[in-house]
Amino acid sequence: MDLRINLPESEIPTAWYNVMPHLPSPVAPPLDPQTHEPVDPAALAAIFPESLIAQEMSDQPWIEIPQPVRDVYRLWRPTPLVRAKRLEEALGLKVKIYYKNESLSPAGSHKPNTAVPQAYYNKQAGLKRLATETGAGQWGTALSFASVQYNLDCTVYMVKVSFEQKPYRGMLIRSYGATIFPSPSDKTRSGRAALEKNPDHTGSLGLAISEAVEDAATHEDTNYALGSVLNHVLIHQSVTGLETKSQLALAGEKADILVGCVGGGSNAAGLFAPFVPECLAGHGPQMLAIEPMACPTLTKGQFRYDYGDVAQLTPLIKMHTLGHSYTPPPIHAGGLRYHGNAPILCQMVDSGLVTPQAYYQKEVFEAAMLFLKTEGFLPAPETAHAIKGAIEAAKNAEPGQTVVFLYSGHGLLDLAAYDAYLSGKLTDYEYPDAEIAEALKSCPDI
């Protein structure tokens with residue numbers, strides 16, 4: 001039995017899959033933050049190239065992947081689907097567990113799947129620089145890698161608590177040639193306003209987004225790039241699910257349960273989306289979205305319109321949200337500390353296609369350590385949430401069933417988090433319902 005199911009380079013998908021035309025009900029349109037009317041696509045041209053705006057609004061199920069993008073994908077794609085045989089044996093279960101290993105990209109995560117096409121389309125549109133935010137640093141690393149492939153400058157606003165927790169992420173980002181600032185910074189009006197209110201502000205993804213959007217909107221040669229949430233990002237990430245389907249077929253397997261961690265929703269939705277037609281036909285897998293108890297967007301947030309950022313610069317999008325004013329506790333899974341979620345994934349949750357689950361930080365790290373000691377690889381704290389979800393799913397599965405989870409990134413630059421765990425310094429956080437209710441008051445009444 002082969003533990004690794006590999007595809008040849010010729011099997012890199014030639015088109016991304018767009019699940020929007022196949023959802024049971026349409027995704028609600030983004031709204032203008034001032035008028036609350038549906039956004040005119042032309043209004044997005046200040047920060048996005050026309051090609052990505054077209055993908056954002058597309059009703060076509062397949063979008064061709066440009067050959068120059070596939071050429072860069074060849075640096076690491078296709079990624080292997082791996083049987084976690086030693087983990088299965090440690091659990092003592094008669095269940096098969098596979099993981100799609102996205103940690104093999106140059107940036108060490110799934111994020112380059114969308115960073116590369118975003119950089120490509122912006123280069124084609126004549127832009128000189130990209131501005132973005134990052135939480136744990138995986139997205140900032142991916143975009144800095146992608147930018148250098150197309151000779152673009154890159155500016156990254158990294159959530160301050162993660163900037164301080166993960167210094168090596170910043171070093172890698174700078175090594176690719178990008179500029180990085182801890183957010184809130186003194187480089188933007190949004191950052192200065194946050195620092196004026198709280199000089200010790202630890203930052204949030206919502207605030208870092210405000211800084212990056214403001215940067216892009218105030219410089220003609222600069223566009224904004226987002227690593228999750230938006231439709232075109234999730235479309236690009238479908239390469240993982242498409243490859244997984246091909247690999248399962250090659251192995252003669254059928255996925256009974258799919259598991260992905262969720263911050264903004266891109267990696268989970270990228271795995272899930274190509275399986276949605278099967279689910280709608282009544283023979284698809286159960287799909288589990290795993291999030292931290294400290295940032296329970298899908299499990300405790302309201303499904304309503306909200307801003308994607310603290311400064312209310314982005315369009316209003318209908319999503320599960322904790323309120324854009326929410327500042328999450330400083331857990332080590334920085335990539336999962338976002339107040340909202342991808343509209344596509346939220347629609348899948350609302351329609352019952354996807355089931356969300358939340359876990360505490362320490363039990364997630366316990367699952368990561370079990371994976372490390374059995375399979376040998378150190379997962380990112382974000383990825384560890386998917387591992388925890390997969391382990392629990394396997395325990396509740398029927399004998400002979402198959403669980404597949406997305407191994408979204410390695411933890412080799414997250415050693416400070418594991419040091420905190422091993423020294424007993426990690427704390428479990430659960431965001432109080434009263435504070436969630438207070439944060440939700442900041443959402444517009446639409």
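That block above? That's the structure.
The following refers to the structure shown. (Residues numbered from 1 in each chain as written. Predicted model: local features only at pLDDT ≥ 70, side-chain atom pairs only at ≥ 80, totals over all residues. Heavy atoms only, no water.)

Helix and strand counts for the protein chain come out as 19 helices and 15 strands. Here the C-alpha coordinates of the protein chain stretch approximately 55 × 50 × 45 Å along the principal axes. Sequence-distant contacts, at least 24 apart, represent 78% of the contacts inside the protein chain between residues at least 6 apart. Counting only carbon and sulfur atoms, one obtains 50% of the accessible surface of the protein chain, whose full area is about 16500 Å². Across the protein chain, the centroid of the 34 positively charged side chains sits 6 Å from that of the 47 negatively charged ones. (Helix = DSSP H or I, 4+ residues; strand = E, 2+ residues; numbered from the N terminus. Contact = heavy atoms within 4.5 Å. Areas by Shrake-Rupley, 256 points an atom, 1.4 Å probe, with all protein chains shown as cover. Lys, Arg positive; Asp, Glu negative; His and termini not counted. Charge placed at Lys NZ, Arg CZ, Asp CG, Glu CD.)

As a further point, take the sheet that holds strand E9 (residues 222-224). Spatially, E8-E7-E6-E9 is the arrangement adopted by the 4 strands of the open sheet, whose pairing is parallel. Of all the strands in the sheet, just strand E8 (179-183) and E9 have a single pairing partner and so form its edges. When strand polarity is set aside, the average angle formed by the axes of neighbouring strands in this sheet is 25 degrees. As defined by bridge partners, strand E6 (residues 129-134) adjoins strand E7 (residues 153-159) across 6 bridges and the pair is classed as parallel. By the bridge assignment, Glu133 is partnered in E7 with Tyr157. This element, helix H9 (residues 205-217), spans E6, E7, E8 and E9 of the sheet and lies at about 170 degrees to E6. (Pairing = 2+ DSSP bridges. Axes fitted to C-alpha atoms, helices over the stretch in contact; angles between N-to-C directions.)

Further remarks concern the pairing of strand E13 (residues 316-321). Burial runs high along E13: 5 of the 6 residues are buried. As paired strands, strand E12 (residues 302-307) and E13 are joined by 6 bridges and run antiparallel to one another. The partner of Gln302 across the bridge, within E13, is Thr321. (Buried < 20%, exposed > 50% of the residue type's maximum accessible area, 1.4 Å probe, protein only.)

The next thing to look at is the sheet that holds strand E14 (residues 354-359). The strands making up a sheet associate through backbone hydrogen bonding, with each pair oriented either parallel or antiparallel. The mixed open sheet is built from 7 strands, whose spatial order is E1-E4-E5-E15-E10-E11-E14. If you trace the sheet from one side to the other, it starts and ends with strand E1 (4-5) and E14, each paired once. Pairing between strand E4 (residues 81-83) and strand E5 (residues 96-101): 3 bridges, direction antiparallel. Each residue of the ladder has a partner; that of Val82, found in E5, is Tyr99. Strand contacts of helix H11 (residues 238-251): E1, E4, E5 and strand E15 (402-407), with the helix running at about 140 degrees to E5, the strand carrying the most contacts.

What follows concerns helix H4 (residues 112-124). Here H4 is 13 residues long and its end C-alpha atoms lie 18 Å apart, about the 18 Å a rise of 1.5 Å per residue gives. Summarising burial for H4: 11 of the 13 residues are buried, a large majority. Trailing H4 by a residue or two, Gly126 shows a phi angle of about 90 degrees, which is positive. (Expected span 1.5 Å × (residues − 1).)

Don't take any of this as a statement about function, it's just geometry.
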